[in-house]
Amino acid sequence: SPGDPSAAPRADEMLVVTGAVTLAVDDGPAALAALRAAVEAAGGRVVHEQDAGRDHDWYGTMRVRLPPGEVAAFVAGLGAVGTIESKTIEATDVSREFFDQELAIKNLRVTLDRLTALLANPGLTTANVLEIEREMTRVRGELERLEGEHRYLADRVAFATFELSLHGSGIASVDARARVHVGGRATALYLLDPTEGADALRLGGAVTLRFPTGQRMELVVMPRQDGQSRAVLATTGGTTYSDYFGDGRRRWGNPYLGGQLGYGYVDGGHAFVVGAAAGVEVYKAERLTVDVAARVHALIDDDGARAALEASAGLSIPF
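The model shown is predicted, which means the values in this text are computed figures rather than measured ones.

Caption draft 1: Here's a closer look at the pattern of salt bridges. Going through the model one piece at a time under the given rule, you end up with 17 salt bridges. A salt bridge links Glu218 to Arg185, with the nearest nitrogen and oxygen atoms 3.9 Å apart. Of the two residues, Glu218 sits in strand 8 (residues 215-222) while Arg185 sits in strand 6 (residues 181-191), which places them 33 residues apart along the sequence. When sorted by exposure, Glu218 lands in the same class as Arg185, which is buried. It is possible to trace a salt-bridge network through shared partners that takes in Arg185, Glu218, Asp291, Arg295 and Glu310.

Here is the structure:
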């Protein structure tokens, strides 16, 4: 047919539209979800879907059926899902085959009706009856075969078939619905300039709240030890991820940087806390994140500023 093969057929055309598209995507699972939504919105259906691998070795396939009139819009929208690396669309005119089948089916039905009427003749001999029945069996078989082929051809005309191949990243979409991630951490704080008579190393734990925006709130508590007062750090800050390393959405090994400020109570004195952090999310999934981090704090009070190093490891779950 002339023109764009993805365009809707003319009223007198019977077109079988097929296509194949290869997409490079950043987030494989999210791309499959977007394609399912696009197919449903177009009034089509997904008849096959498969994905395998993880991280940047991920790949997936999808076979979809679409109303021919929706093919152009669907293909145009694929660019929003990923980068189109290859695209093939073909429209085959099956009008003659379709109408020849209809005519053949009609003729077979007429022949079957005639044979049925002939079989009702009371004057037939046994040999005639057997001959007519054999012919009716042959005609019925041919009719059923043609009707099956005709239904299959009509279905191929009614719905275009597309094979979609995707490859790229199998990163997890982890913060799509979580309002906050609640976590706990084991923490070690080392004071570079401790108060006289105080231990430099403090051990304790922390409760953290991490929001999808990247904001983080943390309360670190280190219990009394060796007669020294409890130490507390209450900070808020943010984290940022590198686009080069997956923008924080990889399942394994997401490095991040952060900063925080807040309140500190150490060695019996109050302080303003300013700090920087570097960490790695060792494992990240929809329901669990495990990470380790190192922080540098400046504890600022009336006497000046003291530095402290913090090492921590913890996990968080979505809420």
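Caption draft 2: How the structure looks around helix 3 (residues 95-119). Helix length check: helix 3 (25 residues) gives 36 Å between terminal C-alpha atoms against 36 Å at 1.5 Å per residue, within 8%. What helix 3 keeps buried is the set Ser95, Phe98, Gln101, Ile105, Leu108, Leu112 and Leu115. Those residues of helix 3 that are buried are in contact with strand 4 (83-93) and helix 4 (126-158).

Caption draft 3: Broad picture of the sheet that holds strand 2 (residues 45-52). Spatially, the five strands line up as an open sheet ordered 2-3-5-1-4, and their pairing is mixed. The open sheet terminates on both sides in strands that have one partner only, identified here as strand 2 and strand 4. Ignoring which end each strand starts from, the neighbouring axes of this sheet average 10 degrees apart. Sheet topology note: the strand 2/strand 3 (residues 58-66) ladder contains seven bridges and is antiparallel. Opposite Val46, over in strand 3, you have Val64 as the bridge partner. In the packing of helix 1 (residues 28-41) onto the sheet, the strands contacted are strand 1 (15-25), strand 2, strand 3 and strand 5 (160-168), and the crossing angle to strand 3 comes to about 0 degrees. Along the sheet, helix 4 makes contact with strand 1, strand 2, strand 3 and strand 5, crossing strand 1 at roughly 50 degrees.

Here is what the cut-offs are and how they apply
Residues numbered from 1 in each chain as written. Predicted model: local features only at pLDDT ≥ 70, side-chain atom pairs only at ≥ 80, totals over all residues. Heavy atoms only, no water. Salt bridge = Lys/Arg side-chain N within 4 Å of Asp/Glu carboxyl O. Helix = DSSP H or I, 4+ residues; strand = E, 2+ residues; numbered from the N terminus. Buried < 20%, exposed > 50% of the residue type's maximum accessible area, 1.4 Å probe, protein only. Expected span 1.5 Å × (residues − 1). Contact = heavy atoms within 4.5 Å. Pairing = 2+ DSSP bridges. Axes fitted to C-alpha atoms, helices over the stretch in contact; angles between N-to-C directions.

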